[in-house]
Amino acid sequence: MTQVRFSTVQDLFEAYPTAGEDIGKGDPGLQSLDFLRQLVDAHDWEPAISLCAYLLPRREAVAWGCRSLRRMVDHFEASEDRAIAYAEEWAEQPEEWRRTRALALGNRNNRRAATTWLALAAGWSGGSVMPPECEYREAPPEQTARAVRVALFVGLSRLPREARDGIMTPCLEDGIQAVRGEPRAGR
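Read on for a plain summary of the structure. Everything numeric here is computed off the predicted structure, so don't read it as measured data. (Residues numbered from 1 in each chain as written. Predicted model: local features only at pLDDT ≥ 70, side-chain atom pairs only at ≥ 80, totals over all residues. Heavy atoms only, no water.)

1. Observations concerning the overall build of the protein chain
So, point 1. Check the secondary structure of the protein chain and you find ten helices and zero strands.
So, point 2. Secondary structure elements of the protein chain, listed N to C terminal, follow the sequence α-α-α-α-α-α-α-α-α-α.
So, point 3. A globule of 187 residues ought to have a C-alpha radius of gyration of about 16 Å, and the protein chain, at 16 Å, matches this closely.
So, point 4. When the backbone C-alpha atoms are referred to their principal axes, the protein chain occupies close to 45 × 35 × 30 Å.
So, point 5. Put simply, the protein chain has 187 residues, and 49% of those count as buried.
So, point 6. The long-range fraction of contacts in the protein chain, counting pairs at least 24 apart against all pairs at least 6 apart in sequence, stands at 60%.
So, point 7. Just so you have it, the protein chain exposes about 9,300 Å², and 48% of that area is on carbon and sulfur atoms.
So, point 8. On the protein chain, the mean spot of the 24 positive side-chain charges and the mean spot of the 28 negative ones are 4 Å from each other. (Helix = DSSP H or I, 4+ residues; strand = E, 2+ residues; numbered from the N terminus. Rg over C-alpha atoms; globule rule 2.2 N^0.38 Å. Buried < 20%, exposed > 50% of the residue type's maximum accessible area, 1.4 Å probe, protein only. Contact = heavy atoms within 4.5 Å. Areas by Shrake-Rupley, 256 points an atom, 1.4 Å probe, with all protein chains shown as cover. Lys, Arg positive; Asp, Glu negative; His and termini not counted. Charge placed at Lys NZ, Arg CZ, Asp CG, Glu CD.)

Given below as structure tokens:
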């Protein structure tokens, strides 16, 4: 079995103190993937999204968030499409100029748009979050996970209740594969 970044829920909570409040519950002694599987099986989407976003390394979390949001939303407005495209491009090729471009767009875009949060997730993944002429300042390490979860919460809130399970289950199954480091089907 592939080595999971945080074996137990406790490991995750120790690494990211904000994870406890974002996920909200969970036996700290549980294996993190077992806990994620329980949440998915219970269709407890918000904690499952949160847990998955924290379990993944930043780049993979952004890529997973983009894939999931594309499953949730049929059509994006032009500015939303550009924001998710910038996040996807950074996840594919994590070069600094792509990160800063995603950050700049995320800072300008409508914060009610899920794709804005994916652009911010990419932008907050490392490096300075300030313009080049300002003092260097990094985002807190949990900001990428938090932005991915907000993006997916916005997408989830727009899904009809009757469609949620059918869309969210494959999204989280994809996330579980990513946490395990397994190749994605169809790749």
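2. Examining the nonpolar core
So, point 1. L12, L36, V62, W64, V148, M168 and L172 are the most contacted members of the largest nonpolar core, which totals 64 residues.
So, point 2. Leaving out residues up to four positions away in the same chain, V148 has contacts with A53, A61, V62, W64, G65, L118 and A121. (Core = buried A, V, L, I, M, F, W, Y, C linked by side-chain atoms within 4.5 Å.)

3. Focus on helix α3 (residues 32–41)
So, point 1. Taken together, the buried positions of α3 are occupied by S32, L33, F35, L36, L39 and V40. All buried residues of α3 fall inside an arc of 160 degrees around its axis, so they share one side.
So, point 2. Along its buried surface, α3 packs onto α1 (9–15), α2 (17–23), α4 (45–55) and α10 (161–180).
So, point 3. Where α3 ends, the next residue or the one after it, H43, has phi of about 55 degrees, a positive value. (Arc of directions from axis to C-beta.)

4. Description of the environment of P170
So, point 1. You can see P170 is positioned in helix α10.
So, point 2. Its relative accessible area of 31% is what places P170 among the partly exposed residues.
So, point 3. Here P170 is in contact with R71 and D165, once residues within four sequence places are set aside.

5. Looking at unusual backbone geometry
So, point 1. In this structure, H43 takes a positive phi of about 55 degrees despite not being glycine.
So, point 2. Here H43 lies in the loop between α3 and α4.

6. Observations concerning the packing of α3 against α4
So, point 1. Two elements in contact, α3 and α4, have axes whose closest approach is 8 Å; the angle formed by their N-to-C orientations is 150 degrees. The angle between the axes of α3 and α4 places the two elements in the roughly antiparallel class. When you trace α3 past α4, the crossing you get is left-handed. In contact with S32, F35, L36, L39 and V40 of α3, α4 contributes W45, P47, A48, L51, C52 and L55.
So, point 2. When the residues that make up the contact of α3 with α4 are grouped by side-chain class, the tally is ten nonpolar, one polar and no charged. (Axes fitted to C-alpha atoms, helices over the stretch in contact; angles between N-to-C directions. Parallel < 35°, antiparallel > 145°, perpendicular 65-115°, else oblique. Left-handed = near helix turned anticlockwise from the far one by under 90°. Nonpolar A, V, L, I, M, F, W, Y, C, P; charged D, E, K, R; others polar.)

Geometry only, nothing functional implied.
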